[in-house]
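# Geometric and topological summary
This is what each chain is made of:
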Amino acid sequence: MAMDAALVKAFTPTGVLRASINLGNPILAKAGPPGGEPTGVSVDLARAFAQRLGVPVEFVVFDTAGKSVQAVSDDQADIGFFAIDPLRGAGIAFTAAYVLIEGCYLVRDSSPITRNEEVDKAGVTVTVGLGSAYDLYLSRELQHASIVRAPSSPAVVETFVAQKIDVAAGVKQQLELDAKKHTGLRLLPGRFMVIQQAMGTPRTRGEAAAKALHLFVEEMKATGFVAGALADHKIEGASVAPAG
């Protein structure tokens, strides 16, 4: 997929591809060494896209999905990596998904809740990362349970424990990792949602740019680039999304 000068200019008005990276989702990105660049699947895709454009890449790093989304919506970044959600679509043009990730619930061993369907009941509290895909989804879907928003997705389990909340919701791998720091916690079987992780660019960049980014993602899936990145970073519990 060749990029003409007009597309390059649309994606890089500053001459550099500014990629918004969310460190709140460990499946997609992690902080690098002090003073170094982040690593992960989304970082690899950003580098590949910058190479396709023939420009340098600059990583604009955030600790939450909400901040990362805002940077792209406000034209402070040129591309980003987000869970597809209709609320985010107002200012961002999404590609089809490149990765599918499971969203799960965590409870205490002593909890009477044993199934995902039992979470949405009056009197049950659920904590999620503020502005995360889980926050957006559960804010629409939960009709009876109440939501407590942690400052970020990595802070969900600590908030769950400290505030004695009934249920924690988030990326399965993040919950598993954080749960190891405590005793008496268990994941509910199955998943309550599948998150479609996509690339996005500000809608102000135009339809041609949105289409070009979509085609890039489809190529990266079809050629095995995304699968290779998942393997290279030893990511489990996520799968390459089907063609979109």
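Please refer to the structure placed before this passage.
Criteria and thresholds
- Residues numbered from 1 in each chain as written.
- Predicted model: local features only at pLDDT ≥ 70, side-chain atom pairs only at ≥ 80, totals over all residues.
- Heavy atoms only, no water.
- Helix = DSSP H or I, 4+ residues; strand = E, 2+ residues; numbered from the N terminus.
- Rg over C-alpha atoms; globule rule 2.2 N^0.38 Å.
- Buried < 20%, exposed > 50% of the residue type's maximum accessible area, 1.4 Å probe, protein only.
- Contact = heavy atoms within 4.5 Å.
- Areas by Shrake-Rupley, 256 points an atom, 1.4 Å probe, with all protein chains shown as cover.
- Lys, Arg positive; Asp, Glu negative; His and termini not counted.
- Charge placed at Lys NZ, Arg CZ, Asp CG, Glu CD.
- Core = buried A, V, L, I, M, F, W, Y, C linked by side-chain atoms within 4.5 Å.
- Salt bridge = Lys/Arg side-chain N within 4 Å of Asp/Glu carboxyl O.
- Arc of directions from axis to C-beta.
- Axes fitted to C-alpha atoms, helices over the stretch in contact; angles between N-to-C directions.
- Parallel < 35°, antiparallel > 145°, perpendicular 65-115°, else oblique.
- Left-handed = near helix turned anticlockwise from the far one by under 90°.
- Nonpolar A, V, L, I, M, F, W, Y, C, P; charged D, E, K, R; others polar.
- Phe/Tyr/Trp six-rings, centres within 6.5 Å; stacked < 30°, edge-to-face > 60°.
- Lys NZ or Arg CZ within 6 Å of the ring centre and 35° of its normal.

### Here's the deal with the overall build of the chain
Helix and strand counts for the chain come out as eight helices and ten strands. Whereas a compact globule of 244 residues would reach a radius of gyration of roughly 18 Å, the chain reaches 18 Å, a difference of no more than 12%. Along the longest, intermediate and shortest principal axes, the C-alpha atoms of the chain span 60 × 35 × 35 Å. Here the chain holds 244 residues, and 52% of them are scored as buried. Across the chain, the fraction of contacts at a sequence separation of at least 24, relative to all contacts at a separation of at least 6, is 71%. With an accessible surface of roughly 10,900 Å², the chain has 55% of that area assigned to carbon and sulfur atoms. In the chain, 23 side chains carry a positive charge and 25 a negative one; their mean positions are 1 Å apart.

### A short note on the nonpolar core
Among the nonpolar cores identified, the biggest contains 58 residues, and Ile79, Tyr98, Tyr105 and Val126 are the most heavily contacted of them. Per-element tally for this core: the top contributor is helix α2 (residues 41-53), with eight residues. Among residues more than four places away in sequence, those in contact with Ile79 are Phe11, Leu17, Arg18, Ala19, Ser20, Ala46, Phe49, Val72, Met199, Gly200 and Leu213.

### Remarks on the pattern of salt bridges
Counting across every chain of the model gives 14 salt bridges. A salt bridge links Glu102 to Arg191; the nearest nitrogen and oxygen atoms lie 3.5 Å apart. Here Glu102, found in strand β4 (residues 92-108), pairs with Arg191, found in the loop between β8 (185-187) and β9 (193-202); they are 89 residues apart in sequence, far enough to count as distant. Judged by relative accessible area, Arg191 falls into the partly exposed class, the value being 45%. Put simply, Arg149 and Asp135 hold a salt bridge, and the shortest N to O gap is 2.8 Å. Residue Arg149 is located in strand β6 (residues 146-150), and its partner Asp135 is located in helix α4 (residues 133-141); the two are separated by 14 residues in the primary sequence. Relative accessible area serves as the criterion here: at 41%, Arg149 is assigned to the partly exposed category. Overlapping salt bridges, with partners in common, bring together Arg18, Asp75, Asp78 and Arg205 in one network.

### A look at the side chain of Gln174
Within the fold, Gln174 resides in helix α6 (residues 172-179). Those residues in contact with Gln174, other than ones at most four positions away along the chain, are Gly24, Pro26, Ser153 and Pro154.

### Brief notes about helix α3 (residues 65-73)
Within α3, the full set of buried residues consists of Ala65, Ser68, Val69, Ala71 and Val72. Taken end-on, α3 shows its buried residues confined to a sector of 160 degrees, consistent with a single buried face. Contacts made by the buried residues of α3 are with β1 (17-22), β2 (57-62), β3 (79-83), β4 and β9.

### Focus on α6
All buried positions along α6 are accounted for by Gln173, Gln174, Leu175, Asp178 and Ala179. Tucked into the core, α6 has its buried residues touching β4, α5 (156-162), β7 (167-171) and β8.

### Quick word on the packing of α2 against helix α8 (residues 225-232)
One can describe the packing of α2 onto α8 by two numbers: an axis separation of 9 Å at closest approach and a directional angle of 135 degrees. In this view, α2 runs oblique relative to α8, as classed from their interaxial angle. Crossing handedness for the pair α2 and α8: right-handed. On the side of α2, the interface is formed by Val41, Asp44, Leu45 and Ala48, while α8 contributes Phe225, Val226, Ala229 and Leu230. Here the residues of the contact of α2 with α8 sort into seven nonpolar, no polar and one charged.

### Structural notes on the packing of aromatic side chains
Applying the stated criterion across every chain yields a total of seven aromatic pairs. Through a chain of ring-to-ring contacts, the aromatic side chains of Tyr105, Tyr134, Tyr137 and Phe192 assemble into a single cluster. Arg108 extends its terminal NZ or CZ atom over the ring of Phe160, reaching a point 4.2 Å from the ring centre.

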